[in-house]
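Tertiary structure, described
These are the residues of each chain, in order.
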Amino acid sequence: MNVTININGKEYSDDVEPRLLLVHFIRENANLTGTHVGCDTTSCGACTVLVDGVPMKSCTMFAVQANGKSITTVEGLAQNGKLAPIQEGFHEKHGLQCGFCTPGMMLTSVAFLKKNPHPSEEEIRWAISGNLCRCTGYVNIVEAVQYAAEKMAEAQNG
Amino acid sequence: MIPAQFQYAAPASIPDAIALLKSNPDAKILSGGQSLIPLMKFRLAQPAMIVDLNNIGGLDYIREQGGWLKIGALARESELEDSALVREKYPLLYDTTLSVADPIVRNRATLAGNLAHADPANDHPATMLAYRAQVVATGTSGNRTIAIDDFFQGLFATALASDEILSEVQIPAPVARSGGAYFKMERKVGDFATAGVAVQLNLDASGKIEQIGIGLTNVGLQALRAKRSEDALRGEMPDAKWIERAAMFAQEDCEPNADLRGGVEYKRNLVRVLTMRAIEKAVARARGNG
Ligand SMILES: Cc1cc2nc3c(=O)[nH]c(=O)nc-3n(C[C@H](O)[C@H](O)[C@H](O)COP(=O)(O)OP(=O)(O)OC[C@H]3O[C@@H](n4cnc5c(N)ncnc54)[C@H](O)[C@@H]3O)c2cc1C
Ligand code: FES
Ligand code: FES
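Just so you know, these numbers come straight off a predicted model, no measurement behind them. All residue numbers here refer to positions counted from 1 along the written sequence of the relevant chain. Note on labels: chains are lettered from A, ligands numbered from 1, in written order. The predicted origin of the model limits local features to residues at a pLDDT of at least 70 and limits the giving and counting of side-chain atom pairs to 80 or more, whereas totals for whole chains, interfaces and linings rest on all residues. Working from all heavy atoms in the structure, the side-chain values ignore hydrogens and water.

**Quick word on the site of ligand 1**
Here a residue counts as near a molecule or strand whenever at least one of its heavy atoms sits within 4 Å of it. Neighbouring ligand 1 are 30 residues, the closest being B:Ile29, B:Ser31, B:Ser35, B:Thr110 and B:Asp123. The environment of ligand 1 is shared, with nearby residues belonging to chains A and B. A 1.4 Å probe and the Shrake-Rupley method give the accessible areas. Residues count as covered only by the protein chains that appear here. Protein chains bury 95% of the 970 Å² of accessible surface belonging to ligand 1 in isolation. Counting residues per element, the ones that place at least two in the shell around ligand 1 are strand S2 (27–30), helix H7 (111–117) and strand S8 (165–172) of chain B. The secondary structure listing takes helices from DSSP runs of H or I that are at least 4 residues long and strands from runs of E that are at least 2 residues long, numbered from the N terminus. For the shell around ligand 1, the element with the most residues is H7(B), which contributes 4 residues.

Spelled out as structure tokens, the structure:
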């Protein structure tokens with residue numbers, strides 16, 4: 001089947017089998033390898049991307065289902081060579097160690113902060129509860145999200 | 001993991017979807033895919049055709065009408081979670097939704113899919129039993145309504161024919177002095193229930209329990225109605241003695257299996273404790289202080 005998927009503002013078209021998972025389209029057809037496959041069983045959230053702005057586990061969706069949709073992956077976060085606030089937060093607050101969970105964590109957080117720009121610590125922990133990290137113990141990830149929230153609020157208030 | 005090959009169709013209307021199901025008996029409906037796609041990746045399911053409902057417009061409603069809360073087949077768990085109507089008037093449904101899987105799975109998973117899948121570990125079946133809900137099945141000859149007590153027919157089995165779509169879930173709107181609650185024991189976020197208990201009830205003007213529904217999750221081959229517990233409480237004041245008695249009945253009547261989540265004795269005891277907590281919370285909510 002022919003599909004056209006917009007990823008980070010660029011259109012990718014290909015003839016694919018219906019059984020091709022979205023995560024494989026992103027990694028192998030579009031060559032964007034920042035989206036990771038962790039568990040491959042819908043549990044870990046490493047493969048999380050935004051589909052029309054909503055976080056989804058791309059290992060649990062077929063590429064044909066994303067036909068005509070807009071996807072954001074980790075490669076689409078930085079704008080004009082400048083890190084997005086969430087990326088800056090993970091950098092400043094040491095929100096990663098091996099980095100395997102980080103793309104999914106950041107995309108989940110970006111969508112969450114859009115819905116809830118001033119979250120409590122508990123709300124952040126709840127929001128990222130579908131993304132597993134085997135390294136950090138989450139403390140610095142929560143701080144990274146808080147950093148991004150503050151940074152975005154500052155930008156808004158000029 | 002790569003699923004087996006299949007043909008893919010994404011019809012734009014329910015009649016088109018039903019026609020495809022009718023002419024392809026090996027076809028499977030795809031809604032959120034949060035149960036079906038993992039099964040296909042493990043090749044536990046190898047449908048010849050997938051009929052994807054996601055391109056059908058207008059199926060994601062959550063609205064009250066004619067004494068029912070009506071939920072369309074494509075309403076996502078996250079939409080139930082974000083609905084003020086659900087949060088304020090249907091606390092049992094709200095509790096249940098929050099306990100399903102994790103926030104990302106909930107962005108995609110549907111209530112209809114959760115019921116149609118009929119996994120005894122799914123959380124919504126017990127809740128629908130407690131609500132005395134009903135579902136609308138749409139097939140070649142139109143709509144039929146199925147009472148929830150007739151819907152679940154054993155492990156992964158329902159009353160739906162292979163060319164029928166579960167198009168709507170209907171939950172009775174709460175009467176005065178109603179309350180409900182869902183209590184689930186899970187080992188971690190995203191895990192299925194070790195056991196779960198759903199309670200929906202209403203009190204009469206004197207404070208006695210008038211109607212009550214109790215459903216049990218993952219302690220049998222399908223979601224169970226705790227009938228003896230319901231009967232014990234109907235017409236009684238919800239005091240500790242009666243609640244303990246009802247909880248004891250639920251402990252005796254459930255049918256858990258031993259697995260990695262625990263042994264039979266542990267699960268039975270868990271059902272007793274969760275039943276007490278769920279009834280107490282439901283009563284508190286019915287009194288307006290939950
Ligand atoms: C990591 C993880 C954790 C989970 N934890 C929980 C949990 O804690 N509690 C819980 O309850 N569930 C849990 N689930 C399961 C999942 O959330 C539900 O089973 C899901 O809601 C099913 O809905 P769906 O829309 O994704 O259905 P799908 O996966 O699309 O379909 C499931 C089945 O139902 C059929 N079907 C779907 N829609 C219809 C319809 N409208 N009419 C007729 N048949 C239909 C399909 O053909 C298929 O057989 C978990 C899943 C994952 C991946
Ligand atoms: S790889 Fe998709 S959830 Fe783990
Ligand atoms: S940083 Fe290694 S898994 Fe999160």
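Past the structure itself, the notes keep going.
**Focus: the layout of surface pockets**
Grid points spaced at 1 Å and placed over the protein atoms alone form the basis of the search, with a cavity being a set where a 1.4 Å probe fits but cannot get out and a pocket an open set showing protein on both sides within 12 Å along at least five of seven lines. Lining residues have an atom within 4 Å of a point. Grid points are joined across faces, edges and corners, and a volume is the space filled by probe spheres set on the points. The calculated volume of the second largest pocket comes to roughly 980 Å³. Lining the second largest pocket are 39 residues, and of these A:Val54, A:Pro55, A:Met56, B:Ser78 and B:Asn107 sit closest to its centre. Mapped by element, the contributors of at least two residues to the lining of the second largest pocket are strand S4 (54–57), helix H3 (102–115) and helix H4 (121–127) of chain A together with helix H3 (77–82) and helix H6 (103–106) of chain B. In terms of residues, the lining of the second largest pocket owes the most to one element, H3(A), which gives 5 residues. For this scheme, ten residues count as nonpolar: Ala, Val, Leu, Ile, Met, Phe, Trp, Tyr, Cys and Pro. Four count as charged, namely Asp, Glu, Lys and Arg, and the remainder, Gly too, count as polar. When grouped by side-chain class, the residues that make up the lining of the second largest pocket number 17 nonpolar, 10 polar and 12 charged.

**Concerning the interface of chain A and chain B**
Pairs of residues are marked as contacts when any of their non-hydrogen atoms sit within 4.5 Å. The interface of chain A with chain B comprises 28 residues on the first partner and 29 residues on the second. Each partner contributes to the roughly 2,400 Å² buried at the junction of chain A and chain B, and carbon and sulfur atoms together form 63% of this total. When the buried surface of chain A facing chain B is broken down by residue, A:Arg19, A:Phe62 and A:Trp126 rank first, second and third, together holding 26% of it. A carboxyl oxygen of Asp or Glu within 4 Å of a side-chain nitrogen of Lys or Arg is what we treat as a salt bridge. At the boundary of chain A with chain B, the tally comes to 3 salt bridges. Counted as a polar contact is a pair of N or O atoms within 3.5 Å, where, for protein atoms, one must be capable of donating a hydrogen and the other of accepting one, and residues adjacent in sequence contribute only when both atoms are in side chains. If you look at where chain A meets chain B, you find 10 residue pairs in polar contact (both at pLDDT 80 or more). Of all the secondary-structure elements, those providing two or more residues to the side of chain A that touches chain B are S4, H3 and H4 of chain A. The element contributing the most residues to the side of chain A that touches chain B is S4(A), with 4 residues. Residue composition of the side of chain A that touches chain B, grouped by class: 12 nonpolar, 11 polar and 5 charged. As used here, buried area is the combined drop in accessible area, with a 1.4 Å probe, of two parts when they are placed together.

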